[in-house]
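Listed here are the chains, written in short residue letters.
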Amino acid sequence: MAERWLWLLIPWRGAWTPRSKANGQEEERHVRANDREYNERFQYADNRIKTSKYNFFTFLPINLFEQFQRVANAYFLVLLILQLIPQISSLSWFTTIVPLVLVLAITAVKDATDDYFRHKSDQQVNTRQSQVLIKGKLQNEKWMNVRVGDIIKLENNQFVAADLLLLSSSEPCGLCYIETAELDGETNLKVRQALTVTSDLGTDVSRLAEFNGEVICEPPNNKLDKFMGTLYWKDNKFPLDNEKMLLRGCVLRNTEWCFGMVIFAGLQTKLMQNCGRTKFKRTSIDKLMNTLVLWIFGFLICMGITLAIGNTIWEERVGRNFWSYLLWDELLSSPVFSGFLTFWSYIIILNTVVPISLYVSVEVLRLGHSYFINWDRKMYYSKRDTPAEARTTTLNEELGQVEFIFSDKTGTLTQNIMVFNKCSINGKTYGDIYDEFGHKVDITEKTPCVDFSFNPLMDRKFRFHDSSLVEAIKLEEPLVQEFFRLLALCHTVMPEERSEGELVYQAQSPDEGALVTAARNFGFVFRARTPETITLYEMGQPVTYQLLAILDFNNVRKRMSVIVKNPKGQIKLYSKGADTILFDRLDPCNEELMYTTSEHLNEFAGEGLRTLALAYKDLDEDVFDEWMKKLLFVSTSLENREERLGALYEEIEQGLMLLGATAIEDKLQEGVPETIACLTLANIKIWVLTGDKLETAMNIGYSCNMLRDDMNEVFIISGHTSLEVQQELRSAKERIMGPSREKLGSGLDEDKTDMYGSDSVFEETIIAEYALIINGHSLAHALEADLEQMLLDTACLCKTVICCRVTPLQKAQVVELVKRHKRAVTLAIGDGANDVSMIKTAHIGVGISGQEGMQAVLASDYSFAQFRYLQRLLLVHGRWSYHRMCTFLCYFFYKNFAFTLVHFWFGFLCGFSAQTVYDQWFITLFNIVYTSLPVLAMGLFDQDVNEHHSLRYPSLYRPGQLNLMFNKRKFFTCTLQGICTSFVLFFIPYGAFFCAVRDDGSHISDQQAFAVTIATSLVIVVSVQIGLDTNYWTAVNHFFIWGSLAVYFAILFAMHSDGIFSIFPSQFPFIGTARNSLMQKSVWLVILLTTVVCIMPMLAIRFLRAVLYPSLTDKVRLLQQATRRQGPQEQNLRRVRRTSSRRSAYAFAHQQGYGELITSGKNMRAPTSSNFVFPVSPPGRVNVATSWIDSMLKKKGDTSNAVAMEKTTGVASGTEMSDRTEPQGQYTQTEEV
């Protein structure tokens, strides 16, 4: 019946069309079991996955194509071709080809290494073993050899190899349990059920081999929660939905075995469809450098044209007078043609304004910065032996420019571990500990735990610190015992006893597991259950309760109740749920206790704990029998059954007696609130994108201090239509911007108002704090083209943004929205396969190597084990990398303009003949030997501020976000400095030597001596300049700077020595030039004067700027120097306790419960032997569930009612903030620089 009813709900394939042959796209899939020949006609993908970019044959062409997308590489290739033309080249071809080949080779090796590890990872997955039914026998096959249509056997705790249609399992009624952590990050178990007709196949291999059913279904897609198809078998058709599918990446749990038929394999599985394509990511500095290279190339052409025109004029007016003196191979009859050749000659000579060594150095720096991340012991997680890993080397400086962080919740911010933290029983709180003076003591890892040795069935991992609760249990206080009895009875947990006393609880949500585990440790052990009974061990004694009814949880009720009969024959109703719901159903005599418990709940909520209220009721047997008759009638009705059942539940859940409340900690990862607070101070906006429900997301928001009671307002967007979403967004935006727009508009003139017409200018002016929370179905409308801008504007005006119930695709769409409309660097961080698309879309992807698998890590650019390491990755490594790269680039452009433009000035005095000032060897070695190592040392080791102060003052991160350290203006500044330096380097020696003579009266200079003087001045000037640019001196810096100077003089004297001339007379003809020049005092005076004139103006500018207009970095550096002299001081960052009056209203699950599944008995095995004697079901008891499948097909609850009361959440202001340090809190910066 259930299957027929399900069939009516699923539209038949009448709207589908056969597989399209015209465009090659699959529009519907046909799969026949155990028939590879038939399935191969459709050329479906095999089960091999591929995340790598290259193979042996495609590596060279694809990699070279990618590298020559860099404008500079293409530019140097053109120069190399020009240098091969002897008529225009005054430099040897090796001056360009050697550096070009070197940079291409280094980059290729790096790319090949990265791709090798991808290949290795793919191979590891593809060679996993799976049992495949082939020719009537189960055979071990590698995953990559599995094909669509194959039947696979899975065993407990195995990963699902492909997207399978569940055929049969070891559990009753074809049920199986899976963990979907790889897909959605959730560790709680999900239930899947096979069709009845296929579950009868069981484990009979011969019958499974004969199974020839054909599945016609939707084509491959990335929708994890939807599947639509039909099974044709034995002239019947059976509807298929997502509840019958096992997706690749899931893990089989609590199920001995199951068989499945492969529907989608390899890259066509839903897991891989969500991964997206591997994108080639480039930093903003890379893109800027491409632009700058084009500008420099334009500047180079302008210089070449200027000098070519000069050559044409000179040849026309002066040059022809020298034809009789110069031995020409062939006379140039046309001055214009001479100018044309000169143009190309100067293009070659002046090409060093963009040296190829720049790109080699950039790659070396990035590689070094990546190793610093890998070697950072403070980002090493010893508990899992997991270091931080930079999985790419091209994005390090981008880490210093992040403005938006998009974070998953489960497994990223939280550990997905619930801990029973505190409770209130009969007006008394338990969980805190006090010293002998009555003062509360902070609980740490070293605080001694309560001794549970009296209970042999305890969970040894459970920790509780308040011994007074155990004493109350031992004293047999009735209400305390009733409290834990309720926790042990009122739930839908399934126990598994692997050996005597070794209990494992499989809970629908971690909250339920935490509560049942707490009851277990305090002596009320949930041991076993059947559809009719629940067996507890109460203080060591077995007690069996008859389970009369389960009043299940849903989003509207926000509570769950059970009705049981104890061995004494008493009928009791136990209920737990949101305090706001249960308090309305209490007996009036509980008023005083309710107020006391409410105060305790406020205190628990203020610490970010999830709270539940507990109550019970004694039922009269006659009243219960009458109610059961009504329940039997309503449960068999066909009209409005859900509403009528709800009303009936409401009827019996009145007049409850309050027991107390529980407080559960959704255990955050260590340091999450502090990390979020610190990143917020760095002006980084953190958006949480989670698949969890609104209530869960809000609770984590409060726990992380992203949401606080002192916020002005929390806007909840929950509209179901585009119009509703538009109205809610507009209303939120108007409430935020109304007063701010008026204030800003009144203070600006008309021109500025026009200039700042965009809403984004108000982001900096809004002092009030707002939060935006948007549901998944509302987000789908908000991401439409006509609403996306309004969504983005409103979200950017809020301090906190939380998107809940979002799909993996929506996560990527939100990231793409910010990337497209905001000129900001985005970072996405997550730990599950549902985060992969988001991670690949963002500029930077970070994977948390947690318990939810490695999919996110494999797709990420950086990975580590804990969210708190993100603070160090950005504020220390990211900021340093950005600072180092920017300083490096500014210096590199400066020194190369200073080096190259000397030829430009010389051109005006050498008849524009393309004669070089320096000798050829100096041009070749200047960037490779003389100046390469000092700038590399600065780019690798320089620190403007040490790591301690980088973390202590997060505002230091701001310049990177504003791109202040290297931009077009900075580029023009450093190139202008280089041009001025080149002018001084040329004309001071030229003017000094114009009329000067030696001691013996001879002329002091010839062209080679002039070249040696300028070259020596240049090397000394750039060495002094890099010394001034270096903030953090190490032994390496000293060695490289002084060593480079020593190497320069050593090579200089060697090239002008007698010995080298005797070996290579044609290459080194100028014997003794260096010795003769540098022995003259006047030469050294010229070098000294040139150095002082080049350095002093910039030195004075920097000094005045630091004194008159100091930046935050200057102030912190001075403070750092003072601190170093005075000794270290304790960091003056305190955490502020969050006092919240908001209670979680968290009712232990946010989806339809498993109550009907339990009472139906479909998940229970018929016991072959039992240690317990279960009583017979009472005649009055009725099975509320008509069909578990019916229940699973119904909507999981109407969320609109659940969020209606939250829509206008007003947040109290003026909350007092305590100065006490709490385990969770946020930073407040109390010290100004």
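Residues numbered from 1 in each chain as written. Predicted model: local features only at pLDDT ≥ 70, side-chain atom pairs only at ≥ 80, totals over all residues. Heavy atoms only, no water.

Rules: UniProt positions are given in the numbering used here, feature names are shortened, and annotations may be inferred rather than shown by experiment.
Going by the annotation in an unreviewed UniProt entry, the name recorded for the chain is Phospholipid-transporting ATPase, with Chanos chanos given as the source organism. Here is the UniProt Cofactor (unreviewed entry) comment for the chain, exactly as written: "Mg(2+)". According to UniProt, the comment filed for the chain under the heading Catalytic activity (unreviewed entry) is "ATP + H2O + phospholipidSide 1 = ADP + phosphate + phospholipidSide 2."

### Things to note about helix α36 (residues 1035-1055)
Spacing of three or four residues puts side chains on the same side of an α-helix, whose turn is 3.6 residues. Formally: Runs of E in the DSSP output that reach at least two residues are strands. Runs of H or I that reach at least four are helices, and both are numbered from the N terminus. Given the number of residues in a helix, its expected span is that number minus one, multiplied by 1.5 Å. Residue exposure (1.4 Å probe, protein chains only): buried if accessible area is under 20% of the type maximum, exposed if over 50%, otherwise partly exposed. To obtain the arc, one takes the directions from the helix axis to the C-beta atoms.
Its 21 residues give α36 an end-to-end C-alpha distance of 29 Å, which sits within 8% of 30 Å, the value for a rise of 1.5 Å per residue. Of the positions making up α36, those classed as buried are Asn1037, Ile1041, Ser1044, Leu1045, Tyr1048, Leu1052 and Met1055. Down the axis of α36, the sector holding all buried residues measures 120°, keeping them to one side. For α36, the exposed residues lying more than 90 degrees away from the buried face are Ala1035, Phe1039 and Trp1042.

### Thoughts on the environment of Thr794
Quick note on the threshold: Residues are treated as being in contact if the distance between any of their heavy atoms lies within 4.5 Å.
Its place among the elements puts Thr794 in helix α25 (residues 788-796). Along the primary structure Thr794 and Tyr770 are separated by 24 residues, whereas in three dimensions their C-alpha atoms are 10.0 Å apart. The contacts of Thr794, once residues within four sequence positions are left out, are Leu729, Ala732 and Lys733.

### A few points about the UniProt feature "active site" (unreviewed entry) in the chain
Put simply, the rule is: N or O atoms closer than or at 3.5 Å make up a polar contact, with two conditions inside protein: a donor-capable atom paired with an acceptor-capable one, and, for residues adjacent in sequence, both atoms drawn from side chains.
The positions UniProt marks with the feature "active site" (unreviewed entry) are Asp408. Positionally, Asp408 belongs in the loop between β15 (402-407) and β16 (414-425). Using a relative accessible area of 2% as the deciding quantity, one classes Asp408 as buried. If we ignore the near neighbours within four places in the chain, the residues touching Asp408 are Leu413, Leu689, Thr690, Lys811, Ile829, Gly830, Asp831, Asp835 and Met838. Among the polar contacts listed, one links the side chain of Asp408 to the side chain of Lys811, at a separation of 3.3 Å.

### What about the pairing of strand β28 (residues 657-668)?
Heads up, the condition is: Two strands pair under a simple rule: DSSP has to find at least two bridges between them.
Counted residue by residue, β28 has 10 buried out of 12 residues, so it is predominantly covered. For β16 and β28, the ladder comprises 9 bridges, and the chain directions are antiparallel. Counted as the bridge partner of Lys422 is Ala663 from β28. Across 7 bridges, the pairing between strand β27 (residues 610-619) and β28 is antiparallel. For Thr611, the partnering residue across the bridge sits in β28 and is Ala663.

### Points about a nonpolar patch on the surface
Let me state the cut-off plainly: Nonpolar side chains (Val, Leu, Ile, Met, Phe, Trp, Tyr) within 5 Å and like charges within 9 Å form the patches, drawn only from residues with over 30% relative accessible area and no salt bridge. All accessible areas in this document rest on Shrake-Rupley with a 1.4 Å probe, and a residue is counted as covered only by the protein chains that are shown. Salt bridge criterion: a side-chain nitrogen from Lys or Arg within 4 Å of a carboxyl oxygen from Asp or Glu.
Together, Val1024, Leu1028, Leu1085, Leu1088, Val1092, Met1096 and Leu1099 give the surface a local cluster of nonpolar side chains, amounting to about 590 Å² of exposed area. At the level of elements, α35 (1007-1029) and α39 (1081-1108) are the ones that each hand at least two residues to the nonpolar patch. If one sorts the elements of the nonpolar patch by residue count, α39 sits on top with 5 residues. Within the fold, Leu1028 resides in helix α35. Taking relative accessible area as the criterion, Leu1028 reaches 35% and is therefore assigned partly exposed.

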